[in-house]
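Here is how the chains run, residue by residue.
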Amino acid sequence: MRISDPQIANRLAELDVELQRGATLADLTSLGFGGTTDLLRLTKHETIPDLLRLLDSKHIPHKFLGGGSNLLVGDGELPWVVLQLVRPEPDIVLEGNYAHVDAAADLGRTVTFCAKHDLGGMEGLIGVPGTVGGALRMNAGAYGMQIGSYVREVKLYRAAGRKIEILRGNQISFEYRHTSFAPDDMMLAVTLELPSKPYKEILQGIRICNEKRRSSQPLGQKSAGCIFKNPPGGSAGRMIDELGLKGLSVGDARVSDRHANFFVNAGHASAKDMLALIADVRERVRKAYGVTLENEVVVWNA
Ligand code: EPU
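Just so it is clear, the model here is predicted, and its values are computed rather than measured.

1. Notes on the side chain of aspartate 91
Okay, so step 1: Mapping aspartate 91 onto the fold places it in the loop between β5 (81-85) and β6 (92-95).
Okay, so step 2: Since its relative accessible area comes to 2%, aspartate 91 is described here as buried.
Okay, so step 3: A polar contact is formed between the side chain of aspartate 91 and the side chain of arginine 109, at a distance of 2.6 Å.

Here's what the structure looks like:
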């Protein structure tokens, strides 16, 4: 979707919003495909309510983009504009055992920055690509931990009240790859309370998680991490593997040979290819196991 009205463009500039015309989502997502739209880069949290009022009044639909690492975006001209936070400097401020982190901060950098200051707990998240805001919204987790356990406060734009609010950790429910945030709430910043641990010890944990990940996941390839959530008590990866579906392809969308719950873009895959592959695998698992796998990847399809 393109913003062609010069009055809107002027108002965006007044709100300190950078308008990048015709951005290609393929360049902003780890799967490496996705269509084109105008990208609005937000430099100030405070102007977000005014910006959203403006977009609503002009009937311009929008979506919030984090790091684009758990996202499957449709092909072609997209029917909404995309909003993305510009990362401030500094993006992490420490205060005792608290880390105040901007939602646009890189998750891996946050884990290592805190580690260097003897704050641990998040070792399992090393190697998970994306922003802290994205990790928060999905309650990212790995190797027995989840980010939600460390959240003490969240600053967010709440779509329902159309204003910026601060929530305490105990006002938010964090479940397996699910949170109580509304789909159109926008994460702005978070305060994490992290346990003190010597850097050397944290580094050891980080090395172990890195090694496990390298040995079981296709890290060098374009993917969105796991495509499906694990069903209660089961493993989507194991089920897909047991059905012999590694290597199954639609166009260049392919079930990874390394981890069957990672679907990779092996060349020039389109969203259409990837969605067809997801539907095919879901159906085969349903027929074989009677289980309907739910997407873990977020799909933005027109
Ligand atoms: N397995 C297979 N074949 C495969 C893949 C896995 O048999 O191709 C088996 C493994 O041998 C193991 C079991 O399935 O016995 C579970 O596999 P794994 O340890 O790789 O973990 P997972 O349940 O597939 C989850 C998360 C990952 C996270 C890892 C490590 C989900 C959907 N996935 O994977 O998160 O990195 O645990 O903690 O919860 C993601 O969220 O995108 C993601 C990749």
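Read on for the rest.
2. With respect to the sheet that holds strand β14 (residues 186-193)
Okay, so step 1: With antiparallel pairing, five strands are arranged side by side in an open sheet as β6-β7-β14-β10-β11. Of all the strands in the sheet, the pair left with one neighbour each is β6 and β11 (163-168). Strand-to-strand twist in this sheet, taken as the mean axis angle between neighbours without regard to direction, amounts to 15°.
Okay, so step 2: Pairing between strand β10 (residues 151-158) and β14: six bridges, direction antiparallel. Within β14, the position partnered with valine 154 by the bridge is valine 190.
Okay, so step 3: Its contacts with the sheet put helix α2 (residues 48-57) on β10, β11 and β14, and the angle it makes with β10 is roughly 35°.
Okay, so step 4: Each of β6 and β7 (98-102) touches helix α3 (residues 107-116); the most contacted strand, β6, lies at about 30° to it.

Rules behind the numbers
- Residues numbered from 1 in each chain as written.
- Predicted model: local features only at pLDDT ≥ 70, side-chain atom pairs only at ≥ 80, totals over all residues.
- Heavy atoms only, no water.
- Helix = DSSP H or I, 4+ residues; strand = E, 2+ residues; numbered from the N terminus.
- Buried < 20%, exposed > 50% of the residue type's maximum accessible area, 1.4 Å probe, protein only.
- Polar contact = N/O pair within 3.5 Å; in protein donor to acceptor, adjacent residues only side chain to side chain.
- Pairing = 2+ DSSP bridges.
- Axes fitted to C-alpha atoms, helices over the stretch in contact; angles between N-to-C directions.
- Contact = heavy atoms within 4.5 Å.

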